[in-house]
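Now for the letters of each chain:
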Amino acid sequence: MEKEKEQPTSDFQTRRKFIQHTALATTGLALAPALNLFAANFTESPSIKSRGFAATAADAKLSKWNFERRAVGDNDVLIDIKYSGICHSDIHQMRGHWFPQQYPVVPGHEIAGIVSAVGKNVSKFKVGDKAGVGCMVDSCMECKSCKDGEEQYCENGKMTFTYGAPDKTSPSGLTQGGYADNIVVKEHFVIKIPANLDLKDAAPLLCAGVTTYAPMMRANLKKGDKVGIAGIGGLGHLAIKIAVSQGAEVYAFTTTEAKKADALAYGAKEVIVVKGDQDLAPHFGKLDYMISTIPYDFNVDAYASLVKPHRNFTQVGIPIGGKLSVTAFMMARNRVNINGSLIGGIPETQAIVDYCAEHKIYPTIEVIKADEINDAWDKVVNKEARYRYVIDASTF
């Protein structure tokens, strides 16, 4: 078959194409101001520039790092971070205490800020809203645990931690956390922060608050119950305040004498300074419930034995290596139900934020600048924090 001859382009066709292209370009310029009006609601830039402090190795100090976030998708929220809390978990994970970690990683999962952009499908947030992000940023959303609001126990193994987890949507290949000036997160995993709650006070509630609140609420405590709280640090001091607000009779256990006055001021009925197991003996079998925030291996048997038979001892602190020493014989003898709890689901996280805003329960914090992060980490390890360091993100 003979190939059809190509027709020459006429002057008229050339002029028509030129006019069409010129018209499109002119229309684009005319629409540019209008399109900019939508920039606050959605962006199609290939990535979002971010700056923060990152760990580059297990034994390295955190240092400045410029990196990129994914563009805001249809279901995403972009938050300008204002404050980020420092959790002991940040130190454990970045130093490889639990498992090998890829680097560089920006830690931080107590994030509070202001919404600066939303995807087109987002309905719960608008630009200017206060918002927070806790310990996780994704899950399968299909399994029973996810549907029941316990996304941290995703049965399909798709729960994604806020930092240091593999993430195909991240330009770095890993989720990057809150020691930074912004973050992009799926709407479902963003927490509403009430207008009457200061952002710097809200940040620690997103991990320390929910990690202690969730198991205590599941324990169905009653007014007047004797509640033991072991480890009075970032988590433990909030646990005291929450338990007291519920009408519990709180017994605080600490190895640091200097924290005794603080724990009493937070409402504890008694503070036991533990130098050895003999200091625990007077309380054997007297507590209705106990929660331990101790992030190191310790004598679980001795502490669990303070709980009445058939009641609960909950461990939320995760030690180096993730292992605790428990004697089977002692468990059988004291008849205490020893269990653990992992952070809290999104509904529980929203609940603790709302609860603290309503009841005016605030963490005891010290706001620091970005260049003080490494010193703050050393103080957390040395039990010198009083009680939660919160980074001012404007200093990144």
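Residues numbered from 1 in each chain as written. Predicted model: local features only at pLDDT ≥ 70, side-chain atom pairs only at ≥ 80, totals over all residues. Heavy atoms only, no water.

What about the overall build of the protein chain?
In terms of helices and strands, the protein chain carries 11 helices and 17 strands. Per-residue burial over the protein chain gives 50% buried out of 396 residues. Of the accessible surface of the protein chain, which amounts to about 19000 Å², a share of 54% is contributed by carbon and sulfur atoms. (Helix = DSSP H or I, 4+ residues; strand = E, 2+ residues; numbered from the N terminus. Buried < 20%, exposed > 50% of the residue type's maximum accessible area, 1.4 Å probe, protein only. Areas by Shrake-Rupley, 256 points an atom, 1.4 Å probe, with all protein chains shown as cover.)

Describing the sheet that holds strand β11 (residues 249-254)
Spatially, β12-β11-β10-β13-β14-β15 is the arrangement adopted by the six strands of the open sheet, whose pairing is parallel. Every other strand in the sheet has two partners, leaving β12 (270-273) and β15 (337-340) as the edge strands with one partner each. Pairwise comparison of adjacent strand axes, ignoring direction, gives a mean angle of 20 degrees for this sheet. Bridge analysis of strand β14 (residues 307-315) against β15 gives four bridges, and the strand direction is parallel. When the bridges of β15 are listed, Asn312 appears paired with Asn337. (Pairing = 2+ DSSP bridges. Axes fitted to C-alpha atoms, helices over the stretch in contact; angles between N-to-C directions.)

A closer look at the pattern of salt bridges
If you walk through the whole model with that rule in mind, you get 15 salt bridges. Linking Lys144 and Asp148 is a salt bridge whose minimum nitrogen-to-oxygen distance equals 2.6 Å. Note that Lys200 and Asp198 form a salt bridge whose closest N and O atoms lie 3.0 Å from each other. Within this structure, Lys61, Arg95 and Asp378 form a network of salt bridges that share partners. (Salt bridge = Lys/Arg side-chain N within 4 Å of Asp/Glu carboxyl O.)

Side note on empty space enclosed by the protein
The full count for this structure, using the stated rule, is one cavity of 30 Å³ or more. What the largest cavity holds in volume is close to 50 Å³. Considering the residues around the largest cavity, the lining is formed by Gly134, Cys135, Met136, Ile191, Leu206, Val210, Ile343, Gly344, Ile346 and Thr349. Of the residues assigned to the lining of the largest cavity, the class counts are seven nonpolar, three polar and no charged. (1 Å grid on protein atoms, 1.4 Å probe; cavity = no way out; pocket = protein on both sides within 12 Å on 5 of 7 lines; lining within 4 Å. Points joined across faces, edges and corners; volume = space filled by probe spheres on them. Nonpolar A, V, L, I, M, F, W, Y, C, P; charged D, E, K, R; others polar.)

Focus: the pairing of strand β4 (residues 111-118)
Within a regular beta strand, the side chains point alternately toward one face of the sheet and then the other, so they alternate between its two faces. Most of β4 is tucked away: seven of the eight residues are buried. Inspection of the sheet shows strand β3 (residues 76-85) paired to β4 by seven bridges, in the antiparallel sense. Across the sheet, the residue bridging to Asp80 is Ile114, located in β4.

As for helix α5 (residues 208-218)
The buried fraction of α5 amounts to nine of the 11 residues, a majority that puts the element mostly inside the structure. Where the residues of α5 are buried, they touch α6 (234-245), β13 (287-292), β14, α10 (346-359) and β17 (388-392). A positive backbone phi angle near 50 degrees is found at Asn220, which sits one or two residues after α5. (Contact = heavy atoms within 4.5 Å.)

Comments concerning the packing of α5 against α6
Relative to each other, α5 and α6 sit at 50 degrees, their axes nearing to 8 Å. By the angle between their directions, the pair α5 and α6 is classed as oblique. Crossing hand, α5 versus α6: right-handed. Contacts between α5 and α6 pair Ala208, Gly209, Thr211, Thr212, Tyr213 and Met216 from the former with Gly234, Leu235, Leu238, Ala239, Ile242 and Ala243 from the latter. Split into classes, the residues belonging to the contact of α5 with α6 amount to eight nonpolar, four polar and no charged. (Parallel < 35°, antiparallel > 145°, perpendicular 65-115°, else oblique. Left-handed = near helix turned anticlockwise from the far one by under 90°.)

A short note on helix α11 (residues 373-381)
Taken together, the buried positions of α11 are Ile373, Asn374, Ala376, Trp377 and Val380. For α11, the arc enclosing every buried residue in end-on projection is 160 degrees, short of the 170-degree limit, so these residues lie on one face. Looking at the buried positions of α11, the neighbouring elements they touch are β1 (47-54), α2 (88-94), β16 (365-368) and β17. Positive phi appears at Lys383, one or two residues downstream of α11, with a value of about 60 degrees. (Arc of directions from axis to C-beta.)

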